[in-house]
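Single-letter residue listing:
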Number of protein chains: 2
Amino acid sequence: MSFSLADHQFMARAINLAKSGRFSTSPNPNVGCVVVKDNQIIGEGWHQKAGSGHAEVNALANLTPEQTTDATAYVTLEPCSHFGRTPPCANRLIDANIKRVVVAMLDPNPLVAGKGILLLMQAGVDVKLGLLEDDARAINTGFLSRMERKRPFVTVKMASSLDGKSALGNGQSKWITSAQARADVQTYRAASCAILSTAKTVIADNAKLNVRKEQLNFQYPFNDVVSEIRQPIKIILDSRGELDPKLQDKLALFDDNTPIVIVRNDTDPMPESQRTNVKYLQIPYDLTKGKFDIARLLDWCGINEINNLWVEAGATLAAYIIEQQLFDQLVVYIAPKIMGVNAQDVMPVGPFSSMEQVIDLQLKQLVQLGQDLRLSYVNNSKFKKSEE
Amino acid sequence: MSFSLADHQFMARAINLAKSGRFSTSPNPNVGCVVVKDNQIIGEGWHQKAGSGHAEVNALANLTPEQTTDATAYVTLEPCSHFGRTPPCANRLIDANIKRVVVAMLDPNPLVAGKGILLLMQAGVDVKLGLLEDDARAINTGFLSRMERKRPFVTVKMASSLDGKSALGNGQSKWITSAQARADVQTYRAASCAILSTAKTVIADNAKLNVRKEQLNFQYPFNDVVSEIRQPIKIILDSRGELDPKLQDKLALFDDNTPIVIVRNDTDPMPESQRTNVKYLQIPYDLTKGKFDIARLLDWCGINEINNLWVEAGATLAAYIIEQQLFDQLVVYIAPKIMGVNAQDVMPVGPFSSMEQVIDLQLKQLVQLGQDLRLSYVNNSKFKKSEE
């Protein structure tokens with residue numbers, strides 16, 4: 001199947017529109033739609049948040065039937081075919097007399113995949129599938145991970161010196177990276193459904209783990225529908241029961257009303273929550289390793305509609321998730337500093353005795369932030385596996 | 001003083017021409033010259049290697065007196081005023097009836113600085129100084145270092161995993177970085193006057209430490225004058241006398257006739273060299289630290305007209321040079337791998353007990369080489385000192 005240059009340009013525009021939803025649409029996917037007639041864009045829309053209009057509906061909203069008749073619609077995700085809060089988008093396109101629909105990718109849910117396309121085709125619409133599919137997938141890694149693997153897309157954040165250290169031997173580490181790099185972290189938090197950390201980190205740093213509007217490098221509010229920054233859920237591993245309800249008043253973590261999930265060993269008694277925004281969750285804990293069963297926690301995240309999980313904790317948890325191959329992406333900030341031999345390793349995995357055991361990554365992105373760097377790597381082992 | 005846009009463009013061209021000499025001109029500086037008349041370039045030249053024509057002479061070579069009369073010359077370095085193998089360039093410009101000479105920077109030798117300019121001015125030439133001076137300095141860091149500090153510009157090369165390791169605990173390290181990164185190293189070697197390494201590294205890797213034409217990412221030969229790749233001198237620290245003349249036949253290091261300087265403790269007896277290209281050098285050795293006095297070695301390099309020193313050795317020497325603040329630049333290749341806790345630190349400096357002791361660098365350049373990165377940092381402590 002071949003697409004024209006104009007097709008590519010309109011779909012690229014639809015993908016860009018879809019991206020506007022990256023801080024607000026989850027657990028729904030990011031979707032964009034462009035309506036074109038006589039080679040001119042006459043309508044644009046994107047899905048802003050769950051419960052509000054879908055991209056196609058928004059794109060058609062201000063158009064008359066005369067305008068939309070014989071038009072082409074570019075949609076980044078297959079139009080839905082089921083009745084939810086609104087009628088199916090496939091029907092909306094048919095009712096508008098759209099002549100041709102170009103779709104970047106099928107619905108990832110195998111139970112509905114293809115049904116929207118079929119509905120359109122049965123109504124005589126000319127449907128084309130697969131334009132810029134990789135780009136369309138890339139803006140929904142979290143949603144696709146949850147749909148396809150029943151788990152969130154897991155990104156582990158680290159801040160490192162040039163020599164791979166996170167703190168001096170005595171624990172001193174404030175601040176390795178610059179204010180610019182720390183502000184950059186805010187954007188990742190804002191795009192995440194949940195932040196995973198540990199009681200140890202939260203207590204040691206008195207970390208709030210929230211998104212700070214004033215540090216964001218994008219403009220808010222976008223509009224009436226997306227009028228405020230959504231705070232990600234905070235999931236805190238607490239194997240020793242340190243986040244005792246009585247102590248909660250003293251920690252910045254509890255300063256606001258963002259939902260907090262405190263993860264406890266499933267053999268420990270569960271304390272009673274003193275706050276409506278705090279709940280406890282039991283997850284199996286391996287006493288020998290001194291680790292929670294993170295895979296089980298990821299299953300819980302999947303069930304609870306968490307698309308993107310941002311891990312922002314100490315080196316121990318980061319290393320454990322890396323070793324267990326439970327990460328999808330590493331985001332490493334590198335500061336222009338050398339911390340020396342007795343400083344703490346930023347990702348203490350291993351020990352390894354042969355080069356075959358070494359963890360293989362794939363470089364995805366490279367950004368300079370003042371004197372710091374942000375390096376993004378994906379899990380190459382997973383990548384290899386999926387190719388096999 | 002203000003320069004026109006055209007002035008900037010012509011000087012930028014002269015600087016680009018000068019760069020062509022980066023693999024051949026040392027110990028002389030890189031110099032470029034552009035001759036302009038009626039806003040058109042009529043002559044171009046660069047200094048190719050010591051003993052061959054200077055940039056100004058080359059730029060004027062094919063021009064008639066009629067053409068050069070009232071022309072403007074752009075020169076990246078002050079024209080020379082002394083009689084060497086050729087008459088002074090300042091006189092050559094005067095004889096050509098050049099009306100205006102734009103100079104990027106003064107000669108760094110304080111004994112002659114300004115004399116070329118004066119000669120020109122006394123002959124009635126309109127001389128302007130300081131256009132693109134920073135860029136002109138940047139192409140001669142090695143030469144300027146030797147002139148101004150009597151030492152070479154020292155670049156330490158390292159190959160690291162993402163977690164700051166150079167090899168596994170058992171020493172395995174082949175290869176951390178990709179073939180592309182290793183080919184990139186060849187360009188640095190080619191631009192260096194000397195490579196500093198250790199007997200330990202040379203023996204363990206059976207390293208040749210030469211420039212391999214087939215791996216270079218630039219074209220050779222350039223022309224008749226620069227017709228072959230110049231091999232940098234190899235300077236090898238040999239505190240234990242491991243590079244015994246009798247063993248030399250077995251090492252790749254001795255495969256060609258490139259000059260080799262073997263550095264020995266100044267209290268050790270000096271072996272007799274079996275080869276005309278190998279000589280021994282005595283440098284003080286600190287038995288307590290187990291280190292040569294690298295500062296003294298750099299003085300020797302300065303006296304011996306080494307502009308650029310490329311350090312390509314193990315982690316121990318790299319760390320020592322970093323700690324002693326004897327480096328000007330670090331070039332770190334980072335591979336997409338995590339080698340784990342018991343792997344060897346790539347730059348084992350310290351130990352440090354406070355963040356004030358941590359070594360501060362300044363990021364200069366960032367290049368992606370396939371899956372690897374090349375990060376260039378300069379010594380920020382030195383930078384700060386020079387600002388004080």
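Each value, and the rule that gives it
- The numbers attached to residues start from 1 for each chain and follow its sequence in the written order.
- Starting at A for chains and at 1 for ligands, labels are handed out in the order in which the entities are written.
- With the structure being a predicted model, the display of local features is reserved for residues of pLDDT at least 70 and the display and counting of side-chain atom pairs for 80 or more, all residues being used for whole-chain, interface and lining totals.
- Hydrogens are left out, water is left out, and the side-chain values use all remaining heavy atoms of the structure.
- Helical segments are the DSSP runs of H or I of at least four residues, strand segments are the runs of E of at least two, and each set is numbered from the N terminus.
- Here the radius of gyration uses the C-alpha set of atoms, whereas the globule reference equals 2.2 Å times the residue count to the power 0.38.
- For every residue, the accessible area obtained with a 1.4 Å probe (protein chains only) is divided by the maximum for its type, and the residue is called buried under 20%, exposed over 50%, and partly exposed between those limits.
- Every residue pair with non-hydrogen atoms within 4.5 Å of one another is taken to be in contact.
- Computed by Shrake-Rupley with a 1.4 Å probe, the accessible areas treat only the displayed protein chains as cover when residues are assessed.
- Residues adjacent in sequence count toward polar contacts only when both atoms are side-chain atoms; beyond that, a polar contact is any pair of N or O atoms within 3.5 Å, and within protein one must be able to donate a hydrogen and the other to accept it.
- We treat two strands as partners when DSSP finds at least two bridges between them.
- Throughout, an axis means a line fitted to C-alpha atoms (over the contacting stretch in the case of helices), and angles, computed between N-to-C directions, take values from 0 to 180 degrees.
- Using a 1.4 Å probe, buried area is obtained as the accessible area two parts lose upon being combined, added over both of them.
- By salt bridge we mean one thing: a side-chain nitrogen of Lys or Arg within 4 Å of a carboxyl oxygen of Asp or Glu.
- Note that Gly is not counted as nonpolar here; it falls among the polar residues with everything else outside the nonpolar set of Ala, Val, Leu, Ile, Met, Phe, Trp, Tyr, Cys and Pro and the charged set of Asp, Glu, Lys and Arg.
- The pLDDT value tells you how sure the predictor is about a given residue, anywhere from 0 up to 100.
- For this analysis, a ring pair means two rings from Phe, Tyr or Trp (six-membered ring only for Trp) whose centres lie within 6.5 Å, classed as stacked if their planes differ by under 30 degrees, edge-to-face if by over 60, and tilted for the remaining angles.
- Note that a disulfide, as used here, is simply two cysteine sulfur atoms within 2.5 Å.
- For this overlay, a least-squares fit was computed on C-alpha atoms, restricted to residues scoring pLDDT of at least 70 in both copies.

Asks: Explain the overall build of chain A here, please?
Replies: Across its full length, chain A holds 12 helices and 19 strands. Scaling as 2.2 N^0.38, a compact globule of 388 residues should have a C-alpha radius of gyration of about 21 Å, and chain A matches this with 23 Å. Within chain A, buried positions represent 53% of all 388 residues. In chain A, once contacts between residues fewer than 6 apart in sequence are set aside, the share between residues at least 24 apart is 72%. Accessible surface, chain A: about 17300 Å² in total, of which carbon and sulfur atoms supply 48%.

Asks: Can you help me understand the side chain of Asn379 of chain A in this one?
Replies: Inspection of the secondary structure assignment puts Asn379 of chain A in strand β19 (residues 372-379). Within polar-contact distance, the side chain of Asn379 of chain A engages the side chain of Gln325 of chain A at 2.8 Å.

Asks: Explain the sheet that holds strand β19 (residues 372-379) of chain B to me, please; I cannot follow it from the model alone.
Replies: In a beta sheet, neighbouring strands are held together by backbone hydrogen bonds and run either parallel or antiparallel to one another. As summarised here, the arrangement of the 10 strands in space is β16(A)-β18(B)-β19(B)-β15(B)-β6(B)-β14(B)-β8(B)-β9(B)-β10(B)-β11(B), forming an open sheet in which the pairing is mixed. On the outer flanks of this sheet lie β16 (337-338) of chain A together with β11 (278-283) of chain B, each paired with one strand and no other. One ladder, built from seven bridges, connects strand β6 (residues 153-161) of chain B with strand β15 (residues 329-335) of chain B; its direction is parallel. Among the inter-strand pairings, Ala159 of chain B is bridged to a residue of β15 of chain B, identified as Tyr333 of chain B. Strands β6 and β14 (308-311) of chain B of the sheet are contacted by helix α7 (residues 141-149) of chain B, whose axis makes an angle of about 130° with β6 of chain B.

Asks: So what exactly am I meant to see when it comes to the interface of chain A and chain B here?
Replies: Often, the extent of an interface is quoted as the loss of accessible area on bringing the components together. Contacts between the two partners involve 43 residues from chain A and, on the opposite side, 44 residues from chain B. The contact between chain A and chain B buries some 3800 Å² in all, and 65% of this surface belongs to carbon and sulfur atoms. Its largest share of buried area at the contact with chain B, chain A owes to Leu162, Ile338 and Met355 of chain A, together 19% of the area lost on that side. Taken together, chain A and chain B are joined by three salt bridges. With a closest N to O distance of 3.1 Å, Asp345 of chain B and Lys165 of chain A form a salt bridge. In this assembly, chain A and chain B are joined by 14 residue pairs in polar contact (both at pLDDT 80 or more). Counting only elements with at least two residues in the side of chain A that touches chain B, the list comes to β15 (329-335), β16, β18 (359-369) and β19 of chain A. Counting residues per element, the side of chain A that touches chain B draws most heavily on β18 of chain A, which supplies seven residues. Taken together, the residues of the side of chain A that touches chain B sort by class into 25 nonpolar, 13 polar and five charged. Sheet topology note: the β18 of chain A/strand β16 (residues 337-338) of chain B ladder contains two bridges and is antiparallel. Pairing of Ile359 of chain A across the sheet is with Ile338 of chain B, part of β16 of chain B.

Asks: Got a minute to help me understand the confidence of the model for chain A in this structure?
Replies: As a general rule, the predicted coordinates of low-pLDDT regions are not to be interpreted in detail. With 95% of its residues at a pLDDT of 70 or more, chain A shows a mean pLDDT of 90. The model gives residues 383-388 of chain A a pLDDT under 50, and that stretch makes two contacts with residues more than four places away or in other chains.

Asks: How should the environment of His47 of chain B be read in this particular structure?
Replies: Residue and element names in this part refer to chain B. Mapped onto the elements of the fold, His47 is located in the loop between β2 (40-46) and α2 (55-60). By relative accessible area, which is 2% here, His47 ends up buried. In this structure the C-alpha to C-alpha distance between His47 and Gly340, which are 293 residues apart in sequence, comes to 49 Å. Residues contacting His47, with those up to four places away along its chain left out, are Gly21, Thr25, Asn28, Pro29, Val31, Ser52, Gly53, His54 and Ala55.

Asks: Would you mind showing me how to read helix α10 (residues 294-303) of chain B here?
Replies: One full turn of an α-helix is made of 3.6 residues, so residues set three or four places apart face in the same direction. Buried within α10 of chain B are the following residues: Ile294, Leu297, Leu298, Trp300, Cys301 and Gly302 of chain B. Glu305 of chain B, located one to two residues past α10 of chain B, shows a positive phi value of around 60°.

Asks: Where do I start with the packing of aromatic side chains in this structure?
Replies: Any aromatic ring pair is given by two values, namely how distant the centres are and how the planes are angled relative to each other. Under the counting rule described, the total for this entry stands at six aromatic pairs over all chains. Each ring, one from Phe10 of chain A and one from Tyr74 of chain A, has its centre 5.4 Å from the other, and the planes form 45°; the classification is tilted. With a gap of 64 residues between them, Phe10 of chain A in helix α1 (residues 5-19) and Tyr74 of chain A in strand β3 (residues 72-75) connect regions that are remote in the sequence. Judged by its relative accessible area of 11%, Phe10 of chain A is buried. Seen in terms of ring centroids, Tyr285 of chain B and Phe292 of chain B are 4.8 Å apart; in terms of plane orientation they differ by 75°. Their pairing is edge-to-face. Grouping residues by exposure puts Tyr285 of chain B and Phe292 of chain B together as buried.

Asks: Explain the state of the cysteines here, please?
Replies: Between two cysteines, a covalent bond joining their sulfur atoms is known as a disulfide. Under the criterion given, the structure shown has zero disulfides over all chains. The closest cysteine sulfur to the non-disulfide-bonded Cys80 of chain A is located on Cys89 of chain A, 3.7 Å from its own sulfur. Left unpaired, Cys301 of chain B is separated from the closest cysteine sulfur, that of Cys193 of chain B, by 9.3 Å. Judged by relative accessible area, Cys301 of chain B falls into the buried class, the value being 0%.

Asks: Please explain the relation of the copies chain A and chain B as it appears in this structure.
Replies: Both copies of the chain are tied together by a single rotation about an axis and a shift running along it. In screw terms, the move from chain A to chain B is a rotation of 180° and a rise of 0.1 Å along the axis, fitting with an RMSD of 0.0 Å. Given the turn and translation reported, the copies of this chain are related as if by a two-fold rotation axis. Relative to the rotation axis, the C-alpha of Gly164 of chain A is the closest in chain A, positioned 2.2 Å from it. A share of 100% of the interface residues of chain A reappears at the interface of chain B, consistent with the copies meeting face to face through the same patch.

Asks: In this structure, what is going on with the side chain of Glu312 of chain A? I would like to understand it.
Replies: Residue and element names in this part refer to chain A. Of note, Glu312 is situated in the loop between β14 (308-311) and α11 (315-323). On the accessibility criterion, Glu312 (10% relative accessible area) is buried. A polar atom in the side chain of Glu312 sits 2.8 Å from the side chain of Arg189. Contacts of Glu312, omitting those with residues within four sequence positions, involve Lys157, Val185, Arg189, Ile195, Leu196, Ser197 and Leu209.

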